[in-house]
Amino acid sequence: MTPPSERDRLADDETTARDVIVVGAGIAGLVVARELVLQGHAVRVLEATDRAGGQVHSVELDGLQVDVGAAHFLTDDGVVRAYLDRIGIADRVVMPLQNSLWLHAADGETTALPDASLLGIPAAPMSADTIRVVGRGAALRALLDALLPGPVGAKAPTLGALVRRRMGDGMLERLVAPVVEAERSVHPDDLPMTQVPGLVHHLLRENSLGRAVARMTLERSTGTTVASLTSGMSGLVDALLAELDRFGVSIEYGVRVAEVHPDHVVLVSEAGVDPVERLERSGLIVVAAPGLVGAGDGDDAASLAAPPIVHIVTLVLAADEGSEQGLQSAPRGAGVLVARAAVVQARVLEHVSATWPPLAEAAAGRHVVRLRYENLPSVEQARLDAEVLLGVSIPTDRILATTTTSWRPAARIVADDRIPVVGEQVAGKGIGAVIAHARSVALDIGAPSAPPGWPADGAGARLS
């Protein structure tokens, strides 16, 4: 007997498919919804705002479509690339035109970061470019790494603990911390070693953290650890929405959830939560929105401190006028990381139009610059910071368009086992970690029993 179509099977077999409600339409919510519908569940998604994507978001500025949230993904573990292939958009991956980064140090000096490095960890601590950043004293301390046996620090739970043990506090705080905070939005002391795959393996193999970094740098096939999409990272959201539409998954926008239970949610009406007439949606609940599920009971389940709000100021600047020393020469490569003790308020500057080919072509000489802050700045503050970090004059009348986007990253929690939770609050930072965890949760939930006439071995119950 020929199996029914995927859409017909999901729509018509109400006796076997479980009703699943996914709360939140960020990347985690969209991914888990797709995986669950492909397993045979009837899925609905509730989203409190008027759009999907969460921290992945783009807007139009001066005729350019620009990412104002997450703008790239890490390629080290291959998770995102593999998933892009699953949803049919792997051919849209683009690599950066350049990936050189600079560091604006506490003393106000802006210098290029060492080329041979991983998350700021240098392969050669005594190289001239490393000494320029950390100073000779910190570089000499880091040389002890080559004398320590490989197992020293290999069991460190975080990257910060590993670097501090082998290369010292100076190397950690002056070089590694600014890079990690920029790339991963956490201090190295809060970055688990599980999110730096391969580093401990190479440390034990090479008996030196510096040589491990050199080996990993040499083995990179792409020469870079980040990539994006031709349409920006919002293209991932568009592709996932198309997938859900293909399988008849509805997304209800503007629906706020007040309470979450394993088998139902309580909604917020225009008048708030009505204690007499509770507005509910019933089904197996999967939470993909931060803050709706607490940490549970006991000291082991305490929520971690909420991360600071992230503010992104995006500037579109007019083209240079005949100056060979202007922004068209990309004077700071892909961007600048800022040490915490620096006077400049921005934490990171990204010269986006000098980094990503599609945007560089569309910009036609204009420049797109993003600055990341922990405290909400004015556009004037962003302009002044950009001048310092880029080393060029940026008059006010050169700003063609600007926008500020803010969000609070999810605090890590230990979730209640009765309610499946996905997203960075449990998966950790990075699109790859979020996707991998969401797929794992969907597999743990499992598929419903096969309907009559459906192959007994489950063939066709999962699509690529």
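What counts and how
Residues numbered from 1 in each chain as written. Predicted model: local features only at pLDDT ≥ 70, side-chain atom pairs only at ≥ 80, totals over all residues. Heavy atoms only, no water. Helix = DSSP H or I, 4+ residues; strand = E, 2+ residues; numbered from the N terminus. Buried < 20%, exposed > 50% of the residue type's maximum accessible area, 1.4 Å probe, protein only. Contact = heavy atoms within 4.5 Å. Areas by Shrake-Rupley, 256 points an atom, 1.4 Å probe, with all protein chains shown as cover. Pairing = 2+ DSSP bridges. pLDDT = per-residue confidence, 0-100. Axes fitted to C-alpha atoms, helices over the stretch in contact; angles between N-to-C directions. Salt bridge = Lys/Arg side-chain N within 4 Å of Asp/Glu carboxyl O. Core = buried A, V, L, I, M, F, W, Y, C linked by side-chain atoms within 4.5 Å. Parallel < 35°, antiparallel > 145°, perpendicular 65-115°, else oblique. Left-handed = near helix turned anticlockwise from the far one by under 90°. Nonpolar A, V, L, I, M, F, W, Y, C, P; charged D, E, K, R; others polar. Expected span 1.5 Å × (residues − 1). Bend = angle between axes of the 7 residues up to and from the residue.

What the protein contains, in helices and strands, is 14 helices and 21 strands. Every one of the 464 residues in the protein was classed for burial, and the buried ones make up 52%. When contacts within the protein are restricted to residue pairs at least 6 apart in sequence, those whose partners lie at least 24 apart make up 69%. Split by element, the accessible area of the protein, about 20,600 Å² in all, is 52% carbon and sulfur.

Turning to the pairing of strand β17 (residues 310-317), a few remarks are in order. Counting buried positions over the eight residues of β17 gives eight, a clear majority of the element. Neither face of β17 is left uncovered, since the one carrying V310, I312, T314 and V316 and the one carrying H311, V313, L315 and L317 both have all their residues buried. With eight bridges connecting them, β17 and strand β21 (residues 399-407) associate as antiparallel partners. Paired with V316 across the bridge in β21 is A401. Inspection of the sheet shows β17 paired to strand β20 (residues 367-373) by seven bridges, in the antiparallel sense. Bridge pairing links H311 to Y373 in β20.

When pLDDT is averaged across the protein, the result is 85; 85% of the residues are at 70 or more. Low pLDDT (under 50) marks residues 1-16, which in the prediction has 34 contacts with non-local residues, meaning those over four places away or in another chain. Low pLDDT (under 50) marks residues 296-304, which in the prediction has 11 contacts with non-local residues, meaning those over four places away or in another chain.

Let us now look at the sheet that holds β17. Read across the sheet, seven strands follow the order β8-β7-β18-β19-β20-β17-β21 without closing on themselves; strand pairing throughout is mixed. For this open sheet the edge positions go to β8 (110-112) and β21, each flanked by a neighbour on one side alone. Ignoring strand direction, the axes of neighbouring strands in this sheet form an average angle of 20 degrees. Note: strand β7 (residues 101-104) against β8, three bridges, orientation antiparallel. Considered in β8, the bridge of W102 is made with A112. Set on the sheet, helix α12 (residues 379-390) makes contact with β7, β8, β17, β18 (335-338), β19 (348-351), β20 and β21; between it and β20 the angle comes to about 105 degrees.

Let's shift gears to the pairing of strand β16 (residues 284-287). What you see with β16 is no split at all: L284 and V286 on one side and I285 and V287 on the other are buried throughout. For strand β1 (residues 19-23) and β16, the ladder comprises four bridges, and the chain directions are parallel. Among the inter-strand pairings, V23 is bridged to a residue of β16, identified as V287.

Another aspect to go through is the pattern of salt bridges. In total, this model carries 17 salt bridges according to the counting rule given. With a closest N to O distance of 2.7 Å, E243 and R34 form a salt bridge. Of the two residues, E243 sits in helix α10 (residues 234-246) while R34 sits in helix α2 (residues 27-38), which places them 209 residues apart along the sequence. You'll find E243 and R34 in the same group, each marked buried. Two residues, R166 and D145, come together in a salt bridge whose shortest N-O distance is 2.6 Å. Remark: D145 occurs in the loop between α5 (136-142) and α6 (159-167) and R166 occurs in helix α6; sequence separation between them is 21 residues. Considered together, R166 and D145 belong to a single accessibility category, that of buried residues. Taken together, the shared-partner salt bridges connect R34, E35, R86, E243, R246 and R439 into one network.

Core analysis: the biggest nonpolar cluster contains 45 residues, and V22, I27, L84 and L236 have the highest contact counts within it. Listing elements by their share of this core, those giving two or more residues are β1, α2, β2 (42-47), α3 (79-86), β11 (226-229), α10, β16 and α14 (431-445). Top contributing element to this core by residue count: α2, with nine residues. Ignoring anything within four residues of it in the chain, the contact list for L236 reads I27, L84, I87, I89, L229 and I431. Of all hydrophobic cores here, the second largest spans 37 residues; its members include L103, V134, V163 and M171.

Attention now moves to the packing of α2 against α10. The N-to-C vectors of α2 and α10 enclose an angle of 30 degrees; their axes lie 10 Å apart at closest approach. Classified by the angle between their axes, α2 and α10 sit roughly parallel to one another. As for how α2 packs across α10, the hand of that crossing is left-handed. Side by side, α2 and α10 meet where I27, L30, V31, A33 and R34 of the first sit next to L236, V237, L240, L241, E243 and L244 of the second. Residues of the contact of α2 with α10, tallied by class, amount to nine nonpolar, no polar and two charged.

Here we come to the sheet that holds strand β15 (residues 280-282). Read across the open sheet, the three strands follow the order β13-β14-β15; overall the sheet is antiparallel. Edge positions in the sheet fall to β13 (256-261) and β15, since each has one partner strand and no second. Ignoring which end each strand starts from, the neighbouring axes of this sheet average 25 degrees apart. In terms of strand pairing, strand β14 (residues 264-268) meets β15 through three bridges, oriented antiparallel. Bridge assignment links V266 to a residue of β15, and that residue is E280.

Looking at where A410 falls in the secondary structure, it is placed in the loop between β21 and α13 (424-427). Judged by relative accessible area, which is 11%, A410 ranks as buried. Residues A410 and P290 lie 120 residues apart in sequence; the distance between their C-alpha atoms is 5.6 Å. Contacts of A410, omitting those with residues within four sequence positions, involve P290, P307, E424 and Q425.

Let us look at helix α7 (residues 169-184). The terminal C-alpha atoms of α7 lie 19 Å apart, and with 16 residues this falls more than 12% below the ideal 22 Å at 1.5 Å per residue. Of all the bends found along α7, the most pronounced is centred on V176 and spans about 45 degrees, while P178, a proline, follows it within four residues. The element α7 is extensively covered by neighbouring structure, given that 12 of its 16 residues are classed as buried. Buried within α7 we find G170, M171, L172, L175, V176, A177, P178, V179, V180, E181, A182 and R184.

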